[in-house]
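Take a look at the letters that make up each chain.
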Amino acid sequence: MSAMQIVFILIAAATLGAAAMVVIARNMVHSALWLVATLFGVAVFYAILNAGFLAVAQVVIYIGAIAILMIFAIMLTRKVTGDMGPGLNPNWMWAALISAVMFGGIAWMLSSWQGFSSPLAALGSRDDSLQQLGMALVSPDYYVIPFEVASVLLLAALIGAIMVAWERK
Amino acid sequence: MGDPVTLIAQWLNGLLSGWGLAPGLVTLILIVIGVVVLATIALVIDIFMVWLERKFVARFQDRIGPNRLGPFGLVQPLADVIKLLIKEDITPFGADKIVYNIAPIMALATVLLLWAVLPFSATTYGTNLNVGVLYIVAVGAISTLGIIMAGWSSNNKYALIGAFRTVAQMVSYEVPMVIALLVPVILARSMGLKDIVDEQVIWFIVAAPIAAILVFVTNIAELGRAPFDLVEAESEIVAGFHIEYTGMKFGLFYAGELLHALTIGGIFSALFLGGWRGPGAETYPILGIFWFFLKMFFMYWVIAWVKYTFPRIRIDQMLNFNWKFLTPLALVVLVVTAILDKVLPHEPLWVYSLGMLAANLVIAWVTLQILRSRARKERQRVAEPGPIARPPEANPSTTQASTTPQV
């Protein structure tokens, strides 16, 4: 077992543990903080895969914006920052069954995919990936139209938020 | 002889390889040694930052500052550290113990993370991350989390209000900061801080003065120092997020803030003031470290100057300033820089830089004109006589008084 595999297993265990704690923790703020830990674990995976840009973007967007807004929303909501009752409701058996079936199905599908067992191809120069990503996003041959459509969608959401919050005089 | 850091690294590399260690292990050991040395240097500087900060504030307030212990009071910070260490450690009733204790560690550790990308000289730097500028933003996001954790876990309403203000301030000021940070990235065509410094034959503050000011202002806001220290406004919310912390836990917040201010000075000088560039720095990289620290401490002094000169702004002014002034200005500067970068010739570098400078001056002039007309309207609005409070008509004894003009 190489050093990289040991690192991978440790981080995977930590990420999965944190993800389980998101659901198990009884205090909602604790859940949100465990979610931050989970998202950070995913960022570490990106870093291991030499995708530095994705790792940093993951931290900026998911931890810097989404998780912090989530914590903010929890803190602004009355009476949910304290400990809550049991985290399970009577349907937990069904949820566990469906999750197990889904996991089994996906694992079975992946085991028949050859990329699952073959080793990764070596990457070229590290610095290229960011430039390639940038070029692909604005190149007409690749993703310029999805990129622009996504911007329009975000702009529409922004204008919608302003219209909702706007106090007419 | 000009580059002792690389020489020591090579000597250690040879020594460890001579002991028969695997090359991968040698690299790992060298990296660990580098991290430990860099973090230790940063923290030792941090101890004396307390002394420096107190001397600065004393000078700005026409005092002498610490002057009793040792020459110029230099032993004072060590006494302060001992005092903080032996103070009683209080955990407030109802506090969330684990989160409460992690928060101060995060406040200081996130600042140390920033030192990983600072280019101290042409050959001495932690790492030349190809997303360095974005990395700085990401670390800033994690430091916000530390303050929120401190504010929430203290079980104190003032601490919680401080945490709310932190979110409002940091999330808002991140927008113009990220936009303004893109300007040096456009000029250097790289996000790595080392590459940005390498490109600055002419300092970027010449080509992008407005972006430099924007980055400086938004960084002070991210830092939460005066005039943006609403997070710990004494007159309103006692001490904000660190109200319940005592002893060394408070010390970690304080040390983190001081080191963050210095680090921001370093980031600013790497982005706009040429980093390690200075006379003789290219032939003798050790001189680059000297120039870098000189610029870093100069920018730290400017931050202290701002802190002890400006009064604290109100929270509505803080948000208006960000959304109605900094963000539009940053967007305009970014678009103009991107267009001019395609239009201007790159070959004689001074033509390119002066063209950028001229565009920046035009933007600054137009901004000032808009601000002036807005200010005129605002003054007129304030000068108009407002509605005068009159006593109720039903009361006969005051009816006589209310009819006389009271302007």
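Residues numbered from 1 in each chain as written. Chains lettered and ligands numbered in written order. Predicted model: local features only at pLDDT ≥ 70, side-chain atom pairs only at ≥ 80, totals over all residues. Heavy atoms only, no water.

(A) Local environment of the packing of helix H5 (residues 132-153) of chain B against helix H6 (residues 157-188) of chain B. Residues and elements named next belong to chain B. Two numbers describe how H5 lies on H6: the axes approach to 9 Å, and their chain directions differ by 175°. Comparing their axes, H6 and H5 come out roughly antiparallel. Between H5 and H6, the residues in contact are Val133, Val137, Ala141, Thr144, Ile147, Ile148, Gly151 and Trp152 and Ala159, Leu160, Ala163, Thr166, Val167, Met170, Glu174, Met177, Val178, Leu181 and Val185, respectively. When the residues that make up the contact of H5 with H6 are grouped by side-chain class, the tally is 15 nonpolar, 3 polar and 1 charged. (Axes fitted to C-alpha atoms, helices over the stretch in contact; angles between N-to-C directions. Helix = DSSP H or I, 4+ residues; strand = E, 2+ residues; numbered from the N terminus. Parallel < 35°, antiparallel > 145°, perpendicular 65-115°, else oblique. Contact = heavy atoms within 4.5 Å. Nonpolar A, V, L, I, M, F, W, Y, C, P; charged D, E, K, R; others polar.)

(B) Local environment of the packing of aromatic side chains. All names here are of chain B. Under the criterion given, the structure shown has 22 aromatic pairs over all chains. Ring centres of Phe241 and Phe253 lie 5.2 Å apart, and the angle between their planes is 75°; on these two criteria the pair is classed as edge-to-face. Placement of the pair is Phe241 in the loop between helix H10 (234-237) and helix H11 (247-272) and Phe253 in helix H11, with a sequence separation of 12 residues. You'll find Phe241 and Phe253 in the same group, each marked buried. (Phe/Tyr/Trp six-rings, centres within 6.5 Å; stacked < 30°, edge-to-face > 60°. Buried < 20%, exposed > 50% of the residue type's maximum accessible area, 1.4 Å probe, protein only.)

(C) Layout of helix H1 (residues 3-24) of chain A. All names here are of chain A. Along its 22 residues, H1 runs 31 Å from first to last C-alpha, staying within 8% of the 32 Å computed at 1.5 Å per residue. By the burial criterion, the buried members of H1 are Ile11, Ala12, Thr15 and Ala18. Viewed along the axis of H1, the buried residues span an arc of 130°, placing them on a single side of the element. Exposed and facing more than 90 degrees away from the buried side of H1 are Leu10, Leu16, Val23 and Ile24. Contact partners of the buried residues in H1: helix H2 (28-48). (Expected span 1.5 Å × (residues − 1). Arc of directions from axis to C-beta.)

(D) A look at the nonpolar core. Residues and elements named next belong to chain B. Trp115 and Phe272 are the most contacted members of the largest nonpolar core, which totals 120 residues. It is H5 that contributes the most residues to this core, 14 residues altogether. Inspection of this core shows a minimum of three residues originating in each of domain 1 (1-86) and domain 2 (89-329). Among all residues touching Phe272, those that are not within four sequence positions of it are Pro184, Gln200, Trp203, Phe204, Ile205, Ala208, Ala211, Ala212 and Val215. (Core = buried A, V, L, I, M, F, W, Y, C linked by side-chain atoms within 4.5 Å. Domains from an automatic or database assignment.)

(E) Spatial organisation of the pattern of salt bridges. All names here are of chain B. Under the criterion given, the structure shown has 10 salt bridges over all chains. Put simply, Arg225 and Glu53 hold a salt bridge, and the shortest N to O gap is 2.9 Å. In this pair, Arg225 is assigned in the loop between helix H9 (209-223) and H10 and Glu53 in helix H2 (residues 23-60), connecting sequence segments 172 residues apart. As far as burial versus exposure is concerned, Arg225 and Glu53 are alike and both buried. Of the charged contacts in the structure, one is a salt bridge between Arg381 and Glu378, with a shortest N-O distance of 2.9 Å. You can see Arg381 and its partner Glu378 sitting in helix H14 (residues 349-383), 3 residues apart, about one turn around the helix. With relative accessibility at 53%, the residue Arg381 sits in the exposed group. Residues participating in the shared-partner salt-bridge network are Glu53, Arg225, Glu257 and Lys307. (Salt bridge = Lys/Arg side-chain N within 4 Å of Asp/Glu carboxyl O.)

(F) Main features of the domain arrangement of chain B. Residue and element names in this part refer to chain B. Partitioning chain B into structural domains gives domain 1 (1-86) and domain 2 (89-329). Here domain 1 and domain 2 have C-alpha centroids that lie 20 Å from each other. The interface of domain 1 with domain 2 comprises 21 residues on the first partner and 28 residues on the second. For the pairing of domain 1 and domain 2, the buried interface totals around 2,200 Å² over both sides, and the portion due to carbon and sulfur atoms is 79%. (Buried area = accessible area lost by both parts, 1.4 Å probe.)

(G) Expanded view of the interface of chain A and chain B. With 22 residues of chain A at the interface, the matching set in chain B holds 20 residues. Around 1,900 Å² of area is buried between chain A and chain B when both sides are counted, 84% of it from carbon and sulfur atoms. Sorting the residues of chain A by area buried against chain B places A:Val56, A:Ile68 and A:Met75 first, and these three jointly supply 29% of that buried surface. Scanning the region where chain A abuts chain B turns up 0 salt bridges. Secondary-structure elements contributing two or more residues to the side of chain A that touches chain B are H2 and helix H3 (52-76) of chain A.

(H) Broad picture of the confidence of the model for chain B. Residues and elements named next belong to chain B. Here chain B shows a mean pLDDT of 83. Residues at 70 or above account for 96%. Within chain B, the element-level pLDDT minimum falls on helix H15 (residues 396-403), averaging 50, and the maximum on H9, averaging 90. Prediction confidence for the complex, expressed as pTM and ipTM, is 0.82 and 0.77 respectively. (pLDDT = per-residue confidence, 0-100.)

(I) Region of the structure containing a nonpolar patch on the surface. All names here are of chain B. On the surface, Ile8, Trp11, Leu15, Trp19, Leu21, Leu25, Leu28, Val32 and Val36 cluster together into a nonpolar patch covering about 900 Å² of accessible area. Taken together, the elements giving at least two residues each to the nonpolar patch come down to helix H1 (4-18) and H2. At 4 residues, the largest contribution of residues to the nonpolar patch is made by H2. With a relative accessible area of 56%, Trp11 lands in the exposed category. (Patch = residues over 30% accessible without salt bridge, like charges linked within 9 Å, V, L, I, M, F, W, Y side chains within 5 Å. Areas by Shrake-Rupley, 256 points an atom, 1.4 Å probe, with all protein chains shown as cover.)

(J) Local environment of the confidence of the model for chain A. In the predicted model, chain A carries a mean pLDDT of 82, and the fraction of residues at 70 or more is 87%. The element-level mean pLDDT for chain A is lowest in helix H5 (residues 128-138) of chain A, coming to 79, with helix H6 (residues 144-165) of chain A highest at 91.

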